[in-house]
Every structure is written in structure tokens, then in C-alpha cells.
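# Inside the fold
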Amino acid sequence: MPLALIISSHVAASRVGGSAQALALAPFKVDAMVVPTVLYGRHPGWGPPGGAAVPVEAIDGMLDGVEANGYFSQIDLVITGYFASSAQVRAAARAIDAVRAAPRDPGARKPFVIVDPTLGDVGKGLYVPIDVAEAVTADLVPRADLVACNTWELQRLTGAETRTPAQALAGARLLGKPALISSVVRGEEMGVIYADRREAWLAAHQRSPEAPKGTGDLLTALYGAAVLDGLAPAYALPRAVGGLVETVSAAHMWKASELPLVAMAQRLKATSPHVRMERLN
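In what follows, the accompanying structure is described. Being a predicted model, the structure only gives us computed values, none of them experimental.

## Notes on the overall build of the chain
When helices and strands are tallied, the chain shows 8 helices and 12 strands. For 281 residues, the compact-globule estimate of 2.2 N^0.38 gives 19 Å, and the C-alpha radius of gyration of the chain, at 17 Å, lies within 12% of that figure. For the chain, buried positions account for 52% of its 281 residues. A fraction of 68% describes how many contacts in the chain between residues 6 or more apart in sequence connect residues 24 or more apart. Carbon and sulfur atoms make up 54% of the accessible area of the chain, which amounts to about 12300 Å² in all. Counting 26 positive and 26 negative side-chain charges, the chain places the centres of these two groups 5 Å from one another.

Next comes the structure, spelled out in C-alpha cells:
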């Protein structure tokens, strides 16, 4: 069974962050270890979340415990997400280095690291402290095998305009590593771009009413599961976006205020007929 380490938020009553990603990975038979950066009652978008940030000493201690049981040698996927302090970011960077340096059996695959620079969004701006944003940019993005961000975060990371698919693609390639760019708008469509030095794809779908919170976290987890399944980007992208689209559609149909991840577990594995794939130059 593949093993994932997720360093991100735990939010009890909202399907966001690391706890939601663990639920999303379960249908793919990926065992997830979540090291929380915050312990909140609900997403801050609903109002005061309750709870608090996790002290960095506790995060270091949890990671030490995971390592002491020999699991760093078995981790196939690392996902980083929301951080409340720059010290937490540095702890995550140390963990990534330790996971990569851990001894592995001959022929074992290398851990795949996805960094979701959870910094802000269109209309909201930066919603983490500036030192957190700077630490994520300096300490985590360079360690990523894949950077998974929205267009606002891409613009902050690169300084590039990201209003069109062509601009988002150009910005993605400025990162110098594979990227998964969400919230790309073209007319009545919205989509996700995958780009590396050799190829680029857009998975587009019709724009819908405002989705529940956590869509970026879900997309990251679904793409990570596709990587572990050995899918090439041209197949990983539509499966991940398809699972996201189906889940958001179900939330609208059921008038759910949160993503129905458990109810949609089987649909997370399927591509959606509503997703259109386009190869980009």
C-alpha cells in the first residue's frame, strides 16, 4: 500500500486541508499520515475557526515519531499545504530532505513531493503572514517535484500575468519545474493546466456556481494518487480534474456546504464526461 505524508491543516468540520486529502487518498488505497499545522474547528471562511496553530516543537516531535518507526523510508508521496508560521515551513523542508535521504530498498520508487503553496486567492489576496509566504517560496517550492497552485499564487511566485491559459502556461514554465495550475479561466470555461518543459495540457470544464471550500486540496490529492498509479500527465490530469468536477457537481446537487468526499469516494476514481482535454503549445 502506498504511503503518503501530508503536512497541512486539520479542520474538524470542513473538508479542507490535510484531513480532507487523507479522505480523498483512501479510495486509491493510499495510506496517509497527517501532521497538522493547525487544529481548527471550521474553515476561516465561515468565520472564527476555533482552535489554534500547532507549535513547531509539536510538529517536529510528530515527524520525529514517524521517522523513529522507520516510515520515512517507506513514504511514496509528500504533500505540503497550509502553514501558520515560517518555523513550520522550515520543519516541513527538513522533513522533505530527511524523507529523500532515508534508505530504500533496491528498485523502490523515490518519494514524489507536491508543494501546494497555500498563500492566497483572487479577491482575497494574501491570507498568510508575509514571512510564511516568503518561507514557502524560498524553502518549499525549490524542493517540489510538482508545484500545485492557483493562478493568483502563480502570479505571486513568478510575477507573471495569469489571466489567460497562455499566460498561465508561460508563468508555470517560469517556475522551472512541473506545475499544476488551477482556476484558469477561458470564457465560459474554467480549467487546470499541467505543464513541464516537454508538454502542457489543459483540462477544462464549464464554469459553475461557487464551489465549496477545499477544491485545491482535493485536486492536489487526486493528482498525487494518479502519480502513484503511474499515470502520465495526459491521463493523470483528466482523472484528477474529473474527480473534482464530479464532487463539486454532487455538492451543488445535494446543496452540500462541504465537499462530499466520503459519499463520492468511487467517483473520485473516474474521469468526467464534462472535462475537455486540450494540448497546449
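Structure's up, so let's keep going.
## Let's talk about unusual backbone geometry
You will see that lysine 29, though not glycine, has its phi angle at about 60°, which is positive. Assignment of secondary structure puts lysine 29 in the loop between helix H1 (17-25) and strand S2 (31-40). For lysine 255, which is not glycine, the phi dihedral falls at a positive 55°. Along the polypeptide, lysine 255 turns up in the loop between helix H8 (233-253) and strand S12 (276-279). A relative accessible area of 75% means that lysine 255 is categorised as exposed.

## Some details on the environment of proline 103
Along the polypeptide, proline 103 turns up in the loop between helix H3 (86-101) and strand S5 (112-115). In this structure proline 103 comes out as exposed when scored by relative accessible area, which is 64%. Separated by 30 residues in the primary sequence, proline 103 and serine 73 place their C-alpha atoms 5.7 Å from one another.

## Comments concerning helix H4 (residues 130-140)
The α-helix winds at 3.6 residues per turn, so residues separated by three or four positions along the chain end up facing the same way. Those residues of H4 that sit buried are Val132, Ala133, Ala135, Val136 and Leu140. The buried residues of H4 all sit within an arc of 165° when viewed along its axis, so they share a single face. The inward-facing, buried residues of H4 abut strand S4 (77-80), H3, S5, strand S7 (125-126) and helix H5 (151-158).

## Considering the layout of surface pockets
Reported here for the second largest pocket is a volume of approximately 210 Å³. Considering the residues around the second largest pocket, the lining is formed by Ala172, Arg173, Gly176, Lys177, Pro178, Tyr194, Ala195, Asp196, Arg197 and Arg198. Only helix H6 (165-174) and strand S10 (189-195) provide two or more residues apiece to the lining of the second largest pocket. Classifying every residue of the lining of the second largest pocket by side-chain character gives 4 nonpolar, 1 polar and 5 charged.

## Details of empty space enclosed by the protein
For the structure on display, the rule yields 1 cavity of 30 Å³ or more. Within this model, the largest cavity holds a volume of roughly 30 Å³. Lining the largest cavity are Pro165, Val184, Val185, Arg186, Glu189, Met190, Gly191, Leu202 and Ala204. Among the elements of the structure, strand S9 (179-186), S10 and strand S11 (200-206) are those that each provide at least two residues to the lining of the largest cavity.

## Notes on the side chain of threonine 162
Counting through the fold element by element, threonine 162 comes out in the loop between H5 and H6. For threonine 162, a relative accessible area of 7% translates into the label buried. Side-chain polar atoms of threonine 162 contact the backbone oxygen of threonine 151, separated by 3.1 Å. Beyond its immediate stretch of four places on either side in the chain, threonine 162 contacts Thr151, Leu154, Gln155, Gln167 and Ala168.

## Overview of the packing of aromatic side chains
Here the structure, examined in full by the defined rule, presents 1 aromatic pair. Considering the side-chain rings of tyrosine 194 and tyrosine 223, the 6.0 Å spacing of their centres and the 15° angle between planes classify their relative orientation as stacked. Here tyrosine 223 lies in helix H7 (residues 215-228) and tyrosine 194 lies in strand S10, a separation of 29 residues in the sequence. Take tyrosine 223: its relative accessible area is 4%, and that puts it in the buried class.

## Some details on the pairing of S4
By the alternation rule, side chains of S4 split into Leu77 and Ile79 and Val78 and Thr80, which are all buried. With 4 bridges connecting them, strand S1 (residues 3-11) and S4 associate as parallel partners. The residue bridging isoleucine 6 from the neighbouring strand is isoleucine 79, located in S4. Pairing between S4 and S5: 4 bridges, direction parallel. Looking across to S5, one finds that isoleucine 79 is bridged to isoleucine 114.

What counts as what
Residues numbered from 1 in each chain as written. Predicted model: local features only at pLDDT ≥ 70, side-chain atom pairs only at ≥ 80, totals over all residues. Heavy atoms only, no water. Helix = DSSP H or I, 4+ residues; strand = E, 2+ residues; numbered from the N terminus. Rg over C-alpha atoms; globule rule 2.2 N^0.38 Å. Buried < 20%, exposed > 50% of the residue type's maximum accessible area, 1.4 Å probe, protein only. Contact = heavy atoms within 4.5 Å. Areas by Shrake-Rupley, 256 points an atom, 1.4 Å probe, with all protein chains shown as cover. Lys, Arg positive; Asp, Glu negative; His and termini not counted. Charge placed at Lys NZ, Arg CZ, Asp CG, Glu CD. Arc of directions from axis to C-beta. 1 Å grid on protein atoms, 1.4 Å probe; cavity = no way out; pocket = protein on both sides within 12 Å on 5 of 7 lines; lining within 4 Å. Points joined across faces, edges and corners; volume = space filled by probe spheres on them. Nonpolar A, V, L, I, M, F, W, Y, C, P; charged D, E, K, R; others polar. Polar contact = N/O pair within 3.5 Å; in protein donor to acceptor, adjacent residues only side chain to side chain. Phe/Tyr/Trp six-rings, centres within 6.5 Å; stacked < 30°, edge-to-face > 60°. Pairing = 2+ DSSP bridges.

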